[in-house]
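Close look at the chain arrangement
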Amino acid sequence: MNVAERISKIKNWILEYCNSMPNKPDCLVIGVSGGIDSAVTSTICALTGMKTIALSMPIKQIKTQHDLSLKHQNWLESKFKNVEKYLVNMDSVFESFKSSMSKFNNEHGMANSRARLRMATLYQVAASKNGIVVGTGNKVEDFGVGFYTKYGDGGVDISPIADCTKTQVWEMGKELKILEDIIKADPTDGLWEDGRPDVAQIGISYQDLEKAMKDPQDKNHQKYLEIRKRNLHKMQPVPVCKMDE
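Now for a quick tour of the structure. (Residues numbered from 1 in each chain as written. Predicted model: local features only at pLDDT ≥ 70, side-chain atom pairs only at ≥ 80, totals over all residues. Heavy atoms only, no water.)

Turning our attention to the overall build of the protein. The secondary structure content of the protein amounts to 10 helices and 4 strands. Listing every helix and strand of the protein by position from the N terminus yields α-β-α-β-α-β-α-α-β-α-α-α-α-α. For 245 residues, the compact-globule formula gives about 18 Å, and the C-alpha radius of gyration of the protein, at 18 Å, lands near that figure. Of all 245 residues assigned to the protein, the portion counted as buried reaches 45%. Taking all contacts inside the protein whose residues are at least 6 apart in sequence as the whole, residues at least 24 apart take part in 73%. For the protein, the exposed surface amounts to about 13,000 Å²; the carbon and sulfur share of it is 51%. Between the centroid of the 33 positive side chains of the protein and the centroid of its 31 negative side chains there is a distance of 2 Å. (Helix = DSSP H or I, 4+ residues; strand = E, 2+ residues; numbered from the N terminus. Rg over C-alpha atoms; globule rule 2.2 N^0.38 Å. Buried < 20%, exposed > 50% of the residue type's maximum accessible area, 1.4 Å probe, protein only. Contact = heavy atoms within 4.5 Å. Areas by Shrake-Rupley, 256 points an atom, 1.4 Å probe, with all protein chains shown as cover. Lys, Arg positive; Asp, Glu negative; His and termini not counted. Charge placed at Lys NZ, Arg CZ, Asp CG, Glu CD.)

Among the nonpolar cores identified, the biggest contains 33 residues, and Ile-14, Leu-28, Ile-36, Val-40, Ile-44, Met-172 and Ile-178 are the most heavily contacted of them. Going through the elements one at a time, α1 (3–20), β1 (27–31), α2 (36–47), α3 (63–79), α6 (166–175) and α7 (180–184) are the ones with two or more residues in this core. In terms of residue count, the dominant contributor to this core is α2 (6 residues). Counting residues in hydrophobic clusters, the runner-up holds 14 residues, among them Leu-55, Met-57, Met-90 and Phe-94. (Core = buried A, V, L, I, M, F, W, Y, C linked by side-chain atoms within 4.5 Å.)

Next up on the list: the packing of α1 against α6. Between two packed helices, both the angle of their axes relative to each other and the distance between the axes serve to describe the pair. Relative to each other, α1 and α6 sit at 95°, their axes nearing to 9 Å. Between α1 and α6, the angle is such that the two are roughly perpendicular. On the side of α1, the interface is formed by Val-3, Ala-4, Arg-6, Ile-7 and Ile-10, while α6 contributes Gln-168, Glu-171, Met-172 and Glu-175. For the contact of α1 with α6, the class distribution of residues is 5 nonpolar, 1 polar and 3 charged. (Axes fitted to C-alpha atoms, helices over the stretch in contact; angles between N-to-C directions. Parallel < 35°, antiparallel > 145°, perpendicular 65-115°, else oblique. Nonpolar A, V, L, I, M, F, W, Y, C, P; charged D, E, K, R; others polar.)

Mapped onto the fold, Asp-142 is located in the loop between β4 (131–133) and α6. Buried charge without a partner: Asp-142 forms no salt bridge, and the closest opposite charge is Lys-166, 7.7 Å away. Other than its neighbours up to four places away in sequence, Asp-142 contacts Gly-137, Phe-147, Tyr-148 and Met-235. (Salt bridge = Lys/Arg side-chain N within 4 Å of Asp/Glu carboxyl O.)

Turning our attention to the side chain of His-66. Secondary-structure assignment places His-66 in helix α3. Beyond its immediate stretch of four places on either side in the chain, His-66 contacts Ser-56, Pro-58, Gln-61 and Leu-87.

Moving on to the packing of aromatic side chains. Under the definition given, this model contains 1 aromatic pair. Pairing Trp-13 with Tyr-17 gives two aromatic rings, centres 6.0 Å apart and planes at 25°, and the pair type is stacked. Note that Trp-13 and Tyr-17 are positioned in helix α1 at a spacing of 4 residues, about one turn of the helix. (Phe/Tyr/Trp six-rings, centres within 6.5 Å; stacked < 30°, edge-to-face > 60°.)

Pasting the structure below:
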């Protein structure tokens, strides 16, 4: 499948899913972070012709990341008449939450709470507009090593690029003529005030992760399995205690 065919398949899949729903949604709601995954996914959403609501939700974001988010929103709006953009500054919401949780403060937990606050925001917008929340996770980070926040950016209604590798996402970005600054930007989850890139957190690049996923003989395959094992609980159904009756 070439890049254009992949884009078309995803676009048609989104439309088919929405048309199959008993209560067909009026719009697609997506968070735009300034990263390649959300840029590609939001653009394909816009290509469906459905109303696409693109939200930028900064929380103590470093300027370079936030600027890319705004640039992509403007780019989308200039290309598609069916796109609505919104800026929801969540600094005060996060600070209030952080203050309320002062007895339970934990750096990693607070980082994940940013993602969960954004998820709640997306669902509030979706509820008000009869929309569905579109996920931006790809095959490598979300469904390979589970590098996402449970019930945060992992809390979505549909996941259009979940079977696409990071390389394929970058390829689609070029095909869609996504802004070059976004294509070249170091991937980051946007959950830390220092803007640390994903590779610093995972300990391995996405290119090397892809190789390790595909080849059991790859030097990083064992490392990939170890990371995946730690996060496998995110990708499995919630455990349920079954009654024998």
